[in-house]
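Per-entry structural report
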Amino acid sequence: MILLQVSNIKLNINQDEQNAYKKALKTAGISEQEVKKWKILKYSVDARNKSQISKVYSIGLYVESYHKSRKNVLAIQEEKYYSYKLSGNKPMNHRPIVIGFGPAGMFAAYLLAMNGFAPIIIERGDTVENRSRIVEEFWENGELNLNCNVQFGEGGAGTFSDGKLNTGIKDKENRIRFVLETFVKFGANERILYDAKPHIGTDVLKKIVSNMRKYIIEKGGTFYFNTSLADISYNNNKLCKIHLSNHKVIETDICILAIGHSARDTFHMLYEKGVHMEQKPFALGVRIEHKQTMINKSQYGFEDGRLGAANYKLTYKTSKNRGVYSFCMCPGGYVVDSSSEDNGKVVNGMSYSKRDGCNANSAMVVTVTSDDFCNHHPLAGIAYQRELENRAYELGEGKIPVQIYSDFKNNVSTTKLGSIIPQIKGKYKLTNLNTIFPKYIVEALIEGIDYFGKKIDGFSNEDVVLSAVETRTSSPVRIIRNDDFETNIAGLMPAGEGAGYAGGITSAAIDGMKMFEQIAKTYQPQKELL
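I will try to describe carefully the structure that is included in this document. (Residues numbered from 1 in each chain as written. Predicted model: local features only at pLDDT ≥ 70, side-chain atom pairs only at ≥ 80, totals over all residues. Heavy atoms only, no water.)

1. Looking at the overall build of the protein chain
Scanning the protein chain from N- to C-terminus turns up 12 helices and 26 strands. Its C-alpha atoms give the protein chain a radius of gyration of 24 Å, near enough to 24 Å, the size a compact globule of 530 residues would have. Its C-alpha atoms give the protein chain principal-axis dimensions of about 65 × 65 × 40 Å. Just so you have it, the protein chain exposes about 22,800 Å², and 45% of that area is on carbon and sulfur atoms. Counting 68 positive and 58 negative side-chain charges, the protein chain places the averaged centre of each group 6 Å from the other. (Helix = DSSP H or I, 4+ residues; strand = E, 2+ residues; numbered from the N terminus. Rg over C-alpha atoms; globule rule 2.2 N^0.38 Å. Areas by Shrake-Rupley, 256 points an atom, 1.4 Å probe, with all protein chains shown as cover. Lys, Arg positive; Asp, Glu negative; His and termini not counted. Charge placed at Lys NZ, Arg CZ, Asp CG, Glu CD.)

Encoded structure:
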């Protein structure tokens, strides 16, 4: 069977995938009877010309044979899929441990379980079902659970996000496709397989996480929820035991550290135990909200959602050579209280699968380095984040501090909102965000937002809503690992966004896959360990 990849099929916005299929037949010069099956390979929207917006498809046609030469038609004799080899022959004396069940931990554990390694998964938060209830209660009454919140719990921080799956990493091994197909296997819409900007939505992502956990258990995996990594033991720079918060001690050869970017106590413990780590540049700032209809109008030329809720991605370098950019843009989404420590306030963004909220929001952040806080200690970035989070908490009196943009520019407290009503999960308070940030952050945000107002009409309007503080865009720490994905302590394998090797759900999942691949080429599963 040959796959014909028919690309660059442009349709008007009122046409659908059936029209794309018929146009693909015409482009390839074949009849419908010759096609055994077909599928959408890629879909995007070309909105560069607002007067003639196009839907752009690539269609896959499966045929028995094809000998023509046509423009935009590529005959693929054999499709490429993700593959790996179980080539390890070293006995594994103990079951592998996975710390954290965010995307990196999920995919490492999933592949380990699938291939008979029976992993033990340690998750400091609760199951996604219980976690959802706990988080909703926090948004309602403000009572924070330090170990189960938007940052901690089954599914990781990405569970309460937009569930965006696009990534810019290179992927010759077809791992991205495997990640997407796995999400579809466990409950995602098949659209993510071909959408140029795939997303799941927090409501669907929760179901996927639960289904993956159930599969791993069926394959011999064991979960410890409401349990965190308290300590590690090693001999001759080789990991031998992990110590848990429930006082349980587990012997192991391998421990994958998929701890997430907010596990600050774990970073400190690992540093004290001599694990090598270093600072990593990161970014921080605010969440910015606009009416979704305004973003639709600017991006598509019309306010309604016939092409779905429009998104944007913005970058700028200020006159002082500092980067300002949008991050984790949530069309039709909500700003959420993502705090994970007492006396600290953190915001993030979240969308449901339908993206049908009134507002669009995104992080509007400024790049920072150790030169900004004059401290080159590996964990100094964490201290800097915490300082701003504490200021936000004090300013908002335990609530999310909020300000309209004109007041932010004029350095005066907001007392009245304009036409944009904040869509926030959690309680908020009108105030002056200037008091949270150092001068260079404020100046960069203002210069950047004003510039973006020239790119998107209305972006810098007076009543645009800002909320603070967005500090958890990425980990400020990188746990150093070698070519075998291990730290200076053999058997300890840092992975994912928290360890400093990924940025987003898909890239973190892929990093977790790499952990499995390394284990699979070194060790063989030991059935007697089950």
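Anyway, onward from the coordinates.
2. Topic: the sheet that holds strand β18 (residues 347-350)
Spatial strand order, β18-β17-β21: three strands in an open sheet with mixed pairing. Of all the strands in the sheet, just β18 and β21 (424-425) have a single pairing partner and so form its edges. Sheet analysis places strand β17 (residues 334-337) next to β18, joined by four bridges and oriented antiparallel. Residue pairing across strands places V336 opposite N348, the latter belonging to β18. (Pairing = 2+ DSSP bridges.)

3. Brief notes about the packing of helix α3 (residues 128-141) against helix α5 (residues 202-218)
Between α3 and α5, the shortest axis-to-axis distance is 9 Å and the interhelical angle comes to 145°. Packed against α3, whose contacting residues are V128, E129 and S132, the element α5 presents K206, V209, S210 and R213 at the interface. Among the residues forming the contact of α3 with α5, the class breakdown is two nonpolar, two polar and three charged. (Axes fitted to C-alpha atoms, helices over the stretch in contact; angles between N-to-C directions. Contact = heavy atoms within 4.5 Å. Nonpolar A, V, L, I, M, F, W, Y, C, P; charged D, E, K, R; others polar.)

4. With respect to the nonpolar core
In terms of nonpolar packing, the biggest core is built from 76 residues, with L61 and F437 touching the most fellow members. With eight residues, the single largest contributor to this core is helix α11 (residues 439-455). Contacts of F437, omitting those with residues within four sequence positions, involve L284, G285, V286, L388, R391, V442, A468 and V469. In this structure, Y110, L205, F485 and A508 belong to the second largest nonpolar core, which totals 53 residues. (Core = buried A, V, L, I, M, F, W, Y, C linked by side-chain atoms within 4.5 Å. Buried < 20%, exposed > 50% of the residue type's maximum accessible area, 1.4 Å probe, protein only.)

5. What to know about helix α9 (residues 380-395)
If you check α9, its first and last C-alpha atoms are 23 Å apart, about what 16 residues at 1.5 Å a residue would give, namely 22 Å. Where α9 is concerned, the buried positions are A380, G381, I382, Y384, Q385, L388, E389, A392 and L395. E397 sits one or two positions beyond α9 and adopts a positive phi of about 50°. (Expected span 1.5 Å × (residues − 1).)

6. Notes on the layout of surface pockets
Here the second largest pocket is characterised by a volume of approximately 850 Å³. The wall of the second largest pocket is formed by 26 residues, among which L41, N174, I176, R177 and L193 lie closest to the centre. For the lining of the second largest pocket, the secondary structure elements donating two or more residues are β1 (2-12), β2 (37-46) and α4 (175-185). If you tally residues by element for the lining of the second largest pocket, the top one is α4, at four residues. Grouping the amino acids of the lining of the second largest pocket by side-chain chemistry returns 12 nonpolar, five polar and nine charged. (1 Å grid on protein atoms, 1.4 Å probe; cavity = no way out; pocket = protein on both sides within 12 Å on 5 of 7 lines; lining within 4 Å. Points joined across faces, edges and corners; volume = space filled by probe spheres on them.)

7. A word on unusual backbone geometry
Both trends apply: most residues other than glycine have a negative phi, and most peptide bonds are in trans. A cis amide bond links A468 with the next residue in sequence, V469, at an omega value of 10°. If you trace the backbone, V469 turns up in strand β23 (residues 465-470). Positive phi is not limited to glycine here, since A118 has a value of about 45°. Considering the arrangement of structural elements, one finds A118 in the loop between α2 (103-114) and β7 (120-122). A positive phi angle is found at N174, which is not glycine, with a value near 65°.

8. Re the pattern of salt bridges
Evaluated as defined, the whole model comprises 27 salt bridges. Across the pair E79 and K39 runs a salt bridge whose closest N-O atoms are separated by 3.5 Å. Placement of the pair is E79 in the loop between β4 (73-76) and β5 (90-91) and K39 in strand β2, with a sequence separation of 40 residues. The partly exposed category is assigned to K39, whose relative accessible area is 25%. Taken together, the salt bridges that share partners define one network made up of R264, E341, R386, E389 and R472. (Salt bridge = Lys/Arg side-chain N within 4 Å of Asp/Glu carboxyl O.)

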